[in-house]
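Structure assessment
Residue strings, one per chain:
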Amino acid sequence: MLLFLTILAVAAAVGIHFWWRQKFRRQQRQVQAKMEEFQRRQQQTTIDGNAQQQVLFNSMLEGLLVIDRNHRIYLANRAFKNLFGIKTELRGKTVMEALRMHELAELVDRAEGAGQVFDYELKLPELSERWLQVNAATISNSAGDREGTILVFHDLTRLKQLERTREEFVANVSHELRTPLSLIKGYAETLLDGARNDPAITERFLKIIERNTQRLDLLTISALESGRIKLNLQPVNVHPLAEKVLGDLKARAGAKNVKLVNNVPDLIATADENRLEQVLANLVDNAIKYGRAQGAVSIGGQKNDADQIEIFVQDDGPGIPPESLDRLFERFYRVDKARSREQGGTGLGLSIVKHIVQNHGGKVWVKSEFDKGATFFFTLPKGEKSQLRD
Ligand code: ADP
């Protein structure tokens with residue numbers, strides 16, 4: 001009996017042991033599976049985090065360069081690589097190895113020494129100059145030890161170009177205005193000193209003064225450029241306006257025996273009438289000035305598409321050399337400087353035309369073949385006839 005009980009107890013103990021062991025194993029497996037799942041998720045989060053970081057850095061417009069505490073590149077974003085024209089992997093290289101630029105390597109040293117560098121202007125050694133503004137700062141951990149250096153690069157090229165254009169403009173303006181203003185001053189003083197008592201001299205001097213004030217076109221152009229001129233947009237009937245412009249320039253054309261023709265069909269533009277008159281007057285005046293004596297100048301036009309009309313001014317003069325076609329609408333550009341000056345030109349007329357047309361949302365261009373005349377085209381938004389004022 002005792003033996004039987006002992007065997008039963010042993011069997012029960014063994015059974016309980018196996019039952020516990022199995023249960024324990026099951027739990028162990030579950031814990032392990034949970035741990036694995038946790039690790040997998042953590043890895044995924046890190047991968048997602050890195051990918052997000054990568055996307056973020058690569059979507060930045062500024063170039064970003066991060067250097068680790070061993071002076072090696074840890075990260076260079078896409079903008080940085082584009083700015084420096086680099087296609088290879090930079091991670092792990094020193095700045096000098098990666099870019100071969102002493103100035104930049106020195107800048108990194110300076111930032112590491114001083115803790116930061118602000119607004120450093122760096123010129124890239126390329127054919128087409130590129131200017132960068134660099135801001136750099138060191139990154140430290142909570143114990144104050146330097147972990148690395150971060151540099152941010154802004155592309156300053158466009159700003160520098162604008163600055164240069166502005167400087168050139170100011171220099172050109174002062175240069176262009178110096179002579180006419182001193183002439184105006186001189187003739188006005190001579191008139192005040194007594195010349196005004198002679199009507200013939202007065203007339204001649206006043207004409208000289210008037211001609212020289214044409215240079216004040218410069219003021220129109222700077223107003224147009226800065227957007228200070230507001231357009232008074234209305235439906236404008238182009239044919240009668242062309243007629244008026246041709247009428248005003250009849251005497252000038254007559255002096256060269258140039259025939260003026262109005263071929264504008266029934267066209268309505270949405271435009272500022274005074275500004276459109278200025279555009280036509282400039283183009284016709286040029287066509288007379290630079291066209292041939294005994295020639296013909298005409299204004300024409302057509303409906304372009306549903307929303308636009310196209311107007312053109314054509315002459316049969318010597319035309320424009322092909323190499324000048326692209327530059328004609330630039331400020332102060334003149335094919336023949338001496339000839340233009342002699343005619344009282346400033347090289348600003350076409351630039352004013354371009355600004356006015358563009359302010360209307362239109363385009364301006366020229367077609368010309370050597371010795372076959374020139375045709376200047378521009379587009380304007382179409383207007384509604386029913387809304388024309390009498
Ligand atoms: P400006 O007449 O004051 O010199 P514009 O800006 O009106 O300045 O014209 C720029 C230059 O374009 C002129 O100097 C001239 O050389 C050239 N040009 C303009 N219109 C014509 C044309 N119809 N035929 C030939 N050359 C032209």
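From a predicted model like this one, the values you see are computed outputs, not experimental measurements.

When its secondary structure is counted, the protein shows twelve helices and twelve strands. Expressed along its principal axes, the backbone C-alpha trace of the protein runs to roughly 155 × 60 × 40 Å. Relative to its full complement of 390 residues, the protein shows a buried share of 26%. Contacts in the protein between residues far apart in sequence, at least 24 positions, make up 57% of those at least 6 positions apart.

The biggest cluster of nonpolar side chains holds 43 residues, and the ones touching the most others in it are Val238, Ala269, Val279, Leu280, Leu283, Val284 and Val353. By residue number, the principal contributor to this core is helix α10 (residues 273-290), which donates eight residues. Dropping the residues within four chain positions of it, Val279 is found in contact with Val353, Ile356, Val357 and Phe378. Residues Leu65, Ile73, Leu132 and Ala136 belong to the second largest nonpolar core, which totals 20 residues.

The next thing to look at is the domain arrangement of the protein. Where interface size is quoted, it is often the accessible area lost as the parts come together. Each assigned domain of the protein is listed here: domain 1 (58-155) and domain 2 (231-387). The distance between the C-alpha centroids of domain 1 and domain 2 comes to 52 Å.

Quick look at the site of the ligand now. Close to the ligand lie 21 residues; Arg334, Val335, Ser340, Gly345 and Gly349 are nearest. Listing elements by their share of the shell around the ligand, those giving two or more residues are α10 and α12 (349-359). Looking at side-chain class alone, the shell around the ligand contains nine nonpolar, nine polar and three charged residues.

A few words now on the sheet that holds strand β9 (residues 296-303). Overall, mixed pairing links the five strands, which are arranged β7-β9-β10-β12-β11 in an open sheet. Two strands in the sheet have a free side with no partner beyond their single neighbour: β7 (259-262) and β11 (364-368). Going across the sheet, the axis of each strand differs from the next one's by a mean of 15 degrees, ignoring polarity.

This brings us to helix α4 (residues 102-114). Taking 1.5 Å per residue as the helical rise, α4 with its 13 residues ought to reach 18 Å, and the 18 Å between its terminal C-alpha atoms agrees with that figure. Structurally, α4 contributes buried residues whose contacts are with β1 (63-68), α3 (95-99), β3 (116-124), β4 (130-140) and β5 (146-155). Gly115, located one to two residues past α4, shows a positive phi value of around 95 degrees.

Positive phi outside glycine occurs at Asn257, with the angle close to 60 degrees. The residue Asn257 is located in the loop between α9 (250-255) and β7 in this model. A positive phi angle, near 65 degrees, is found at Gln294, a position not held by glycine. Residue position: Gln294 is located in the loop between α10 and β9.

A few words now on the packing of α10 against α12. Running from N to C, α10 and α12 point in directions that differ by 150 degrees, and their axes come no closer than 9 Å. Of the two possible hands of crossing, α10 and α12 adopt the one that is left-handed. Only Gly349, Ile352, Val353, Ile356 and Val357 of α12 make contact with α10, whose side of the interface consists of Arg275, Gln278, Val279, Asn282, Leu283 and Asn286.

Here we have five strands laid out as an open sheet, ordered β2-β1-β5-β4-β3, and antiparallel in their pairing. Edge strands, defined here as strands with exactly one partner in the open sheet, are β2 (73-76) and β3. In this sheet, neighbouring strand axes are inclined to one another by 20 degrees on average, regardless of whether the strands run parallel or antiparallel. α4 rests against β1, β3, β4 and β5 of the sheet, and its axis sits at about 180 degrees to β3.

A few words on the packing of helix α8 (residues 238-248) against α10. Close contact between α8 and α10 brings their axes to 10 Å; oriented N to C, the two are set at 50 degrees. Between α8 and α10, the angle falls in the class oblique. Considering the relative orientation of α8 and α10, their crossing is right-handed. Packed against α8, whose contacting residues are Leu241, Ala242, Lys244, Val245, Leu246 and Asp248, the element α10 presents Glu273, Leu276, Glu277, Leu280, Ala281 and Val284 at the interface. Here the residues of the contact of α8 with α10 are counted per class, giving eight nonpolar, no polar and four charged.

Bringing the environment of Val14 into the picture now. Locating Val14 in the fold gives a position in helix α1 (residues 2-59). Classification of Val14 as exposed rests on a count of 10 C-beta atoms within 10 Å. A sequence separation of 320 residues divides Val14 from Arg334, and the C-alpha atoms of the two residues are 110 Å apart.

Strand β8 (residues 268-272) sits mainly inside the fold: five of its five residues count as buried. Burial along β8 is two-sided: Ile268, Thr270 and Asp272 and Ala269 and Ala271, pointing in opposite directions, are all buried.

As a further point, take the environment of Ile352. Tracing the sequence through the fold places Ile352 in helix α12. Between the alpha carbons of Ile352 and Phe329 there is a distance of 8.4 Å; along the sequence they are 23 residues apart.

Along the polypeptide, Glu203 turns up in helix α6 (residues 199-213). Its 10 C-beta neighbours within 10 Å are what place Glu203 among the exposed residues. Sequence separation between Glu203 and Leu151 is 52 residues, and the spatial gap between their C-alpha atoms is 68 Å.

The rules we used
Residues numbered from 1 in each chain as written. Predicted model: local features only at pLDDT ≥ 70, side-chain atom pairs only at ≥ 80, totals over all residues. Helix = DSSP H or I, 4+ residues; strand = E, 2+ residues; numbered from the N terminus. Buried ≥ 20, exposed ≤ 12 C-beta atoms within 10 Å, placed from the backbone. Contact = placed C-beta atoms within 7 Å. Core = buried A, V, L, I, M, F, W, Y, C linked by C-beta atoms within 7 Å. Domains from an automatic or database assignment. Near = placed C-beta within 6 Å. Nonpolar A, V, L, I, M, F, W, Y, C, P; charged D, E, K, R; others polar. Pairing = 2+ DSSP bridges. Axes fitted to C-alpha atoms, helices over the stretch in contact; angles between N-to-C directions. Expected span 1.5 Å × (residues − 1). Left-handed = near helix turned anticlockwise from the far one by under 90°. Parallel < 35°, antiparallel > 145°, perpendicular 65-115°, else oblique.

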